[in-house]
Amino acid sequence: MKMKTIIIIGLVAVTSLSSGCATSSNYTLTEADFITKDTTSLLTDLKSNDWWTRNLAAATLGNRGASAIEPLLATLNDPNRQVRIRAAISLTEIYASQKDDPRILNAVLNEARQSDFWIKYNALGCLGQIQHPEVVGVLIEALNDTREEYGESIQRYAAEVLASRSAEATEPLIEVLKSSSIGVRYYAVKALGEIKDP
């Protein structure tokens with residue numbers, strides 16, 4: 001539950017920080033207005049010229065199961081950053097009941113490797129909800145990402161998500177202690193200190 005809350009906070013932050021958020025005439029619409037819509041109507045809304053409408057449609061499709069996977073995957077190419085992030089979160093919600101479909105895992109892993117700060121940040125939060133062996137490796141990549149434009153935010157968040165992985169992250173984090181970066185080593189130690197290894 002903690003990690004999901006962080007994802008939502010990140011999404012709210014994107015609302016104010018994203019330069020990709022064009023003006024919308026439909027800000028009065030909320031997710032509640034979309035809950036009762038059938039899937040066909042939501043898929044139509046996903047192609048709207050209005051980014052806020054697409055954002056709400058993507059959010060609602062998170063509880064529509066397998067039929068929403070393909071449209072949401074396509075939405076990861078949306079020109080608007082927030083819509084793209086919302087699609088990734090919805091795909092993560094669907095993953096819980098569609099773990100045999102590799103497309104979701106691959107898509108979220110790919111989002112976590114993007115250079116855009118907010119897309120990367122929120123994808124890391126999504127990975128906190130996905131239990132799969134490949135996830136730890138991508139989180140370790142993020143922990144080792146020392147690009148100056150990120151400050152320490154990506155490393156800090158990757159460490160927090162890794163700490164939630166418990167024992168499976170212990171050995172990879174120990175390897176990270178060999179890093180030449182003081183910051184990377186610091187967050188690796190912090191994550192190791194928070195892991196409850198049974």
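For the structure, see preceding data.
So, here is what we can say about the structure in this document. (Residues numbered from 1 in each chain as written. Predicted model: local features only at pLDDT ≥ 70, side-chain atom pairs only at ≥ 80, totals over all residues. Heavy atoms only, no water.)

**Topic: empty space enclosed by the protein**
Following the criterion strictly, the structure yields 1 cavity of 30 Å³ or more and no others. In this structure, the largest cavity occupies an estimated 40 Å³ of space. As for the largest cavity, its lining consists of Arg-84, Ile-85, Ala-88, Ile-89, Glu-111, Ile-119, Asn-122, Ala-123 and Cys-126. Secondary structure elements with two or more residues in the lining of the largest cavity: helix 6 (81-95) and helix 8 (117-127). Of the residues that constitute the lining of the largest cavity, the class distribution is 6 nonpolar, 1 polar and 2 charged. (1 Å grid on protein atoms, 1.4 Å probe; cavity = no way out; pocket = protein on both sides within 12 Å on 5 of 7 lines; lining within 4 Å. Points joined across faces, edges and corners; volume = space filled by probe spheres on them. Helix = DSSP H or I, 4+ residues; strand = E, 2+ residues; numbered from the N terminus. Nonpolar A, V, L, I, M, F, W, Y, C, P; charged D, E, K, R; others polar.)

**Digging into helix 10 (residues 153-163)**
Side chains of residues three or four places apart in an α-helix project in the same direction, reflecting 3.6 residues per turn. A large share of helix 10 lies buried, amounting to 8 of its 11 residues. Restricting attention to buried positions, one finds in helix 10 the residues Ile-154, Gln-155, Tyr-157, Ala-158, Ala-159, Val-161, Leu-162 and Ala-163. (Buried < 20%, exposed > 50% of the residue type's maximum accessible area, 1.4 Å probe, protein only.)

**Side note on the packing of helix 8 against helix 10**
At a minimum axis separation of 9 Å, helix 8 and helix 10 run at an interaxial angle of 10°. The angle between the axes of helix 8 and helix 10 places the two elements in the roughly parallel class. From helix 8, Phe-117, Lys-120, Tyr-121, Leu-124 and Gly-125 reach across to helix 10, where they touch Ser-153, Ile-154, Tyr-157, Ala-158 and Val-161. Classifying every residue of the contact of helix 8 with helix 10 by side-chain character gives 7 nonpolar, 2 polar and 1 charged. (Axes fitted to C-alpha atoms, helices over the stretch in contact; angles between N-to-C directions. Parallel < 35°, antiparallel > 145°, perpendicular 65-115°, else oblique. Contact = heavy atoms within 4.5 Å.)

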